[in-house]
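Listed below are the residues making up each chain.
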Amino acid sequence: MPSIDIGGKAAVVTGGGRGLGLAYARALASAGARVVVNDVDEDAAGQAVKSITEAGGQAVAEVVAVGTAEAADRLVARAVREFGRLDILVTNAGILRDRVLWKMTDDDFDAVITTHLRGTFTCARAAAVRMREQGEGGTLILVGSPAGQRGNFGQTNYAAAKAGIAAMARTWSMELGRAGITVNAIVPVAATAMTETIPAFAPYVEALREGTPFPDFLRKGEGFGTPEDCAPLVPFLASEAARGITGQAIGIGGDKVALWSHPQEIRTAYADGGWTPGTLADVWADSLGAEPQTVGIPAPRIPAPKTAEA
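Residues numbered from 1 in each chain as written. Predicted model: local features only at pLDDT ≥ 70, side-chain atom pairs only at ≥ 80, totals over all residues. Heavy atoms only, no water.

Topic: the pairing of strand β2 (residues 34-39)
Regular strands place their side chains on alternate faces of the sheet. Convention followed: Exposure categories follow from relative accessible area, calculated using a 1.4 Å probe and restricted to protein chains: below 20% of the type maximum is buried, above 50% is exposed, and the middle band is partly exposed. Working definition: helices are DSSP H or I runs of at least four residues, strands are E runs of at least two. Numbering for both runs from the N terminus. DSSP-based pairing: two strands are paired if at least 2 bridges between them are found. When the strands point away from the viewer and the path from the first strand over the helix to the second turns clockwise, the crossover is right-handed.
Where burial is concerned, most of β2 is hidden: six out of the six residues are buried. Of the pairings in the sheet, the one linking strand β1 (residues 10-14) to β2 comprises four bridges and is parallel in character. Paired with A11 across the strands is V35, a residue of β2. As a crossover connection, the stretch from β1 through helix α1 (residues 19-30) into β2 is right-handed.

Some remarks on the pattern of salt bridges
This is how it is decided: A pair is scored as a salt bridge if a Lys or Arg side-chain nitrogen falls within 4 Å of a carboxyl oxygen belonging to Asp or Glu.
Scanning the model with the defined rule gives 14 salt bridges in all. Residue K220 pairs with D216 through a salt bridge whose shortest N-O separation is 3.7 Å. Residue K220 and its partner D216 are located together in helix α8 (residues 216-221), separated by four residues, close to a single helical turn. What emerges from the salt-bridge pattern is a single network uniting D216, R219, K220, D229 and D255.

Some words on the environment of G180
Put simply, the test is: Whether two residues are in contact is decided by their heavy atoms, any of which lying within 4.5 Å being enough.
With respect to the secondary-structure elements, G180 resides in the loop between α6 (156-175) and β6 (181-188). As a C-alpha pair, G180 and T139 span 41 residues in sequence and 8.6 Å in three-dimensional space. Leave out the neighbours within four places in its chain, and G180 touches G137, G138 and R243.

Focus: the packing of α1 against helix α2 (residues 42-54)
Operational definition: An axis is simply a line fitted to the C-alpha atoms; with a helix, the fit covers only the stretch in contact. Between two such axes, the angle follows the N-to-C directions and lies from 0 to 180 degrees. Angles below 35 degrees are treated as roughly parallel, those above 145 as roughly antiparallel, those between 65 and 115 as roughly perpendicular, and all remaining angles as oblique. Handedness of a crossing is defined here by the sense of rotation of the near helix relative to the far one, left-handed for an anticlockwise turn of less than a right angle and right-handed for a clockwise turn. Classification used: nonpolar for Ala, Val, Leu, Ile, Met, Phe, Trp, Tyr, Cys and Pro, charged for Asp, Glu, Lys and Arg, polar for all others including Gly.
Interaxial distance between α1 and α2 falls to 10 Å at its minimum, and their mutual angle equals 25°. As far as their axial angle goes, α2 and α1 are roughly parallel. Like other packed secondary-structure pairs, α1 and α2 cross with a definite hand, here right-handed. On α2, the residues touching L22, A25, R26 and A29 of α1 are A48, S51 and I52. Grouping the amino acids of the contact of α1 with α2 by side-chain chemistry returns five nonpolar, one polar and one charged.

Notes on the pairing of strand β3 (residues 58-63)
Where β2 meets β3, six bridges bridge the pair, whose relative direction is parallel. Following the sheet pairing, V36 is matched in β3 by V60. Tracing the backbone out of β2, into α2 and back to the parallel element β3 gives a crossover that is right-handed.

What about the side chain of R219?
Definition in use: We define a polar contact as two N or O atoms separated by no more than 3.5 Å, with the added condition that, inside protein, one atom must be a possible hydrogen donor and the other a possible acceptor, whereas residues neighbouring each other in sequence contribute only through side-chain atom pairs.
Note that R219 resides in helix α8. At a separation of 2.8 Å, a polar atom in the side chain of R219 contacts the side chain of D229.

Regarding the packing of helix α3 (residues 69-83) against helix α4 (residues 106-134)
One can describe the packing of α3 onto α4 by two numbers: an axis separation of 8 Å at closest approach and a directional angle of 40°. Here α3 lies oblique to α4, going by the angle between them. Once α3 is placed against α4, the crossing between them reads as right-handed. Residues A69, A72, D73, L75, V76 and V80 of α3 form the contact with α4, whose own contacting residues are T122, C123, R125, A126, A127 and R130. Here the contact of α3 with α4 is composed, by residue class, of eight nonpolar, one polar and three charged.

Digging into the sheet that holds β3
If you walk across this open sheet you meet the eight strands as β3-β2-β1-β4-β5-β6-β7-β8, and the pairing is mixed. The open sheet terminates on both sides in strands that have one partner only, identified here as β3 and β8 (256-259). On average, adjacent strands in this sheet sit at an angle of 20° to one another, irrespective of strand direction. Sitting on the sheet, α1 is in contact with β1, β2, β4 (88-91), β5 (138-143) and β6, with an inclination near 170° to β1. Strand contacts of α2: β2 and β3, with the helix running at about 175° to β3, the strand carrying the most contacts.

Structural measurements only, silent on function.
Rendered as structure tokens:
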């Protein structure tokens, strides 16, 4: 079997100071990679590096907000200066500015797009330039979300950015394939600051803090767990075992891992000479619209509380 050891490789993890990003950085370091931990919070980045080095890994912090080309160049340059190369990029940095459409401001929209979408683009571009110069391949791991796959109420900006990230992974997998650089989107589901406020999950997240593990209906049924449950996918994708995997969207959470489908046509119809509004209405009613697609992230299926027997 191909090795999962990534010893000697150098990685950058954006938004790596806490939550999922921290779990990714630790998992990479545990597998032997040397890691640049990026975050806008200097204390969080420093604590992340401390936790990695105390466990025997190698890591340095680079504090900068992703989004600009200058920030991306700083991250790549830090990896090269500290470790001599760059092999792995994980674009995890993100923020939320949730509002329904009619209340979302330009600033709400732009801030999320800048961090998630532009930040992924600029960091991936800088990394791809360096990896192509090295001539030894590489790994880009772009962090998506179920919101980008299905949409989510109140998250115009976030869902659009995450959908764009999945599309960029597919595009870049084609563009960078000849250089031996794999590009995949991962779709994690975990208890983080972004998800623990969901009312259905909140009691279980609180219980987890007190030492009670998530029940099976969350870990398996919902694919919902801890950041550490999602982390193994990152060193796997960076390893030789995953050299043939590229252009995919892979979900992980709790005890569940899944391959997301790419958008595709599910029903078709044809009309000689083209369509009119009337014939479109007919075909929609008769066949094309027989199975309209659902939208939104399905609500968690939380079992009803057990009632005490009399």
